[in-house]
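# Per-entry structural report
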There are 2 protein chains.
Amino acid sequence: MIVVKVGGSAGIDYDAVCADLAARWKAGERLILVHGGSGETNRVAEALGHPPRFVTSPSGYTSRFTDRETLEIFEMVYCGKINKGIVERLQRLGVNAVGLSGLDGRIFEGRHKDSVRAVENGKTRVLRGDHTGTVERVNTDLIELLLGAGYLPVLTPPASSYEGVAINVDGDRAAAALAVALKAEALLLLSNVPGLLRTYPDESSLIRQIPANDVETYLEFAQDRMKKKVLGAAEAVAGGVQRVIFGDARAGQPITAALSGAGTVVS
Amino acid sequence: MIVVKVGGSAGIDYDAVCADLAARWKAGERLILVHGGSGETNRVAEALGHPPRFVTSPSGYTSRFTDRETLEIFEMVYCGKINKGIVERLQRLGVNAVGLSGLDGRIFEGRHKDSVRAVENGKTRVLRGDHTGTVERVNTDLIELLLGAGYLPVLTPPASSYEGVAINVDGDRAAAALAVALKAEALLLLSNVPGLLRTYPDESSLIRQIPANDVETYLEFAQDRMKKKVLGAAEAVAGGVQRVIFGDARAGQPITAALSGAGTVVS
């Protein structure tokens, strides 16, 4: 089993990802796709007059502040436009894909964090009304039910809180939790860079290998959203996933390239 | 098995529908929910600067002209905001719902009509680039797989063409095809009116009973979107569904009321 997470930033070639995925699926490989949609969510939120708000935690992580209106825009883009766009691509390629959010069948479940500590102008404030959380449980029964019947699951945030409330969760860490729960051989975190770069955005500074017992040391090289990927990789490796690969989803055969060792390999 | 279709027009009380659905589901009844999202799609399309375009066929049916951009907005609202909003409500009520579009697992499949004949200013024109169709096949295997494992399916257009292209299909007729395919005992078509009205919008002119062998005669009383419901009812009855009920989803216990004979009963 291979879990492929593809990001939602500018430059991602979903056609290339789906073509590669379909070819491997038809050759008999078992895969699950998890996707993001952050860039498009920002564009739609701006267009709808409810621009995104990002907050930085005291420990330096940036995340989207997700009030109820933002959550609905988030669902429109992630679960509507992006998820169904990917399912349609796969259906056209002859793969019987099924697109689900973490709410559906409580595939991704976790605690609802209603408030977030945010650093603004050097001061730490507490913001309430946030719909976020972290995936703590994965409903592998539903995923295995679908895989067993020949369907390729295409999964996306949000997740469900234990009370059934929709919560925005990080897609990379959700994919890591999924890979651990399914005892996947590999987790691929594909985005619009070649992998983890020692001096971002210099692509020639690609870090090719990270020892599994030293992932957190590499956090210092990670910018912005790459931090969550490194954190997800650390969690996946700690949970028993043998290989985590940061790969490039901008062209070519993103999955095949990553599995061949392009990008940054954590093992 | 009961198939409940709830519309997407102003005034629909999704909380009431979900509470009623959850109570019946927990009492052991098997139900499937199909929903629309037309009103909200119009609002979002306006806000995004791509206002809806409706066309009237030579035979007098009004439908949404669905170009690629409209299809993506349609998916955002139907598969994102509305579908996940319903799944979240059901999850909060302790029902393990799974929301899927007709694209997912090709639950709803039909022919893609790329062009539509439209009457504009008294002249009939052919418009191309339409993404519409009619449901001709239902993947009951996937639905039964989910029901058998204890999940309540929450279904929505679009459907998949035979080539895997997303197509906008009428939700009422999709629900009718589903009810026929599943050999449902009853099909409930719930909207923001009490049922079929002899003189729309006079609610005291409710038609209480339509004989199953005479559904099409009643088409003359149907306005706008109600025409598709009457057509769906005719198709369901012809396909062996014993009762089709047009009911009110604006308050109370919409499913229980309809099953008790409120609204217009076709049997």
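These numbers were taken from a predicted model, which means no experiment stands behind them. (Residues numbered from 1 in each chain as written. Chains lettered and ligands numbered in written order. Predicted model: local features only at pLDDT ≥ 70, side-chain atom pairs only at ≥ 80, totals over all residues. Heavy atoms only, no water.)

### A word on the overall build of chain A
Counting its regular elements, chain A contains 7 helices and 14 strands. Taking 267 residues into account, the globule formula puts the C-alpha radius of gyration at 18 Å, and chain A, at 17 Å, falls close to it. Oriented by its inertia axes, the alpha-carbon framework of chain A measures out at about 55 × 40 × 35 Å. The contacts in chain A between residues at least 6 apart in sequence include a share of 73% that link residues at least 24 apart. A total of about 10,100 Å² of accessible surface is found on chain A, and carbon and sulfur atoms cover 46% of it. (Helix = DSSP H or I, 4+ residues; strand = E, 2+ residues; numbered from the N terminus. Rg over C-alpha atoms; globule rule 2.2 N^0.38 Å. Contact = heavy atoms within 4.5 Å. Areas by Shrake-Rupley, 256 points an atom, 1.4 Å probe, with all protein chains shown as cover.)

### Focus on the sheet that holds strand β9 (residues 159–161) of chain A
Residue and element names in this part refer to chain A. Here we have 4 strands laid out as an open sheet, ordered β7-β6-β9-β10, and mixed in their pairing. The open sheet has two free edges, formed respectively by β7 (123–138) and β10 (166–167), since each of these has just one partner strand. Bridge count between β9 and β10: 2 bridges; the pairing is antiparallel. By the bridge assignment for β10, alanine 159 is matched with isoleucine 167. (Pairing = 2+ DSSP bridges.)

### Details of the interface of chain A and chain B
How big an interface is tends to be reported as the loss of accessible area on association of its parts. Opposite the 38 residues of chain A that make contact, chain B presents 37 residues. Contact between chain A and chain B buries roughly 3,000 Å² in total, counting both sides, with carbon and sulfur atoms accounting for 60%. The three residues of chain A that bury the most area against chain B are Met76(A), Lys84(A) and Glu88(A), which together make up 19% of that side's buried surface. With its nearest N and O atoms 3.4 Å apart, the salt bridge here joins Glu72(B) to Lys81(A). At the boundary of chain A with chain B, the tally comes to 18 residue pairs in polar contact (both at pLDDT 80 or more). Among the elements of the structure, α2 (38–47), α3 (68–92), β5 (97–101) and α4 (140–148) of chain A are those that each provide at least two residues to the side of chain A that touches chain B. Counting residues per element, the side of chain A that touches chain B draws most heavily on α3(A), at 15 residues. Here the side of chain A that touches chain B is built from residues that sort into 18 nonpolar, 10 polar and 10 charged. (Buried area = accessible area lost by both parts, 1.4 Å probe. Salt bridge = Lys/Arg side-chain N within 4 Å of Asp/Glu carboxyl O. Polar contact = N/O pair within 3.5 Å; in protein donor to acceptor, adjacent residues only side chain to side chain. Nonpolar A, V, L, I, M, F, W, Y, C, P; charged D, E, K, R; others polar.)

### What to know about the sheet that holds strand β9 (residues 159–161) of chain B
Residues and elements named next belong to chain B. Read across the open sheet, the 4 strands follow the order β7-β6-β9-β10; overall the sheet is mixed. Strand pairing shows two members of the sheet lacking a second neighbour, β7 (123–138) and β10 (166–167), which therefore form its edges. Against the sheet, helix α5 (residues 171–181) engages β6 (108–120) and β7, with an angle of about 25° to β7. (Axes fitted to C-alpha atoms, helices over the stretch in contact; angles between N-to-C directions.)

### A few points about the UniProt feature "binding site: substrate" (unreviewed entry) in chain A
Residues and elements named next belong to chain A. Per the UniProt record, the feature "binding site: substrate" (unreviewed entry) sits at Arg64 and Asn168. A maximum C-alpha distance of 8.5 Å among these annotated residues, which run over 105 residues, shows that they cluster at one spot. Leave out the neighbours within four places in its chain, and arginine 64 touches Ser38, Thr41, Asn42, Pro52, Arg53, Phe54, Thr70, Phe74, Asp130, Thr132 and Asn168. Within the structure, the side chain of arginine 64 is placed 2.9 Å from the side chain of asparagine 42, a separation counted as a polar contact. Tracing the sequence through the fold places asparagine 168 in the loop between β10 and α5 (171–181). For asparagine 168, a relative accessible area of 10% corresponds to the buried category. Of the polar contacts made by the side chain of asparagine 168, one reaches the side chain of threonine 66; its length is 3.0 Å. (UniProt positions renumbered as here; feature names shortened; annotations may be inferred. Buried < 20%, exposed > 50% of the residue type's maximum accessible area, 1.4 Å probe, protein only.)

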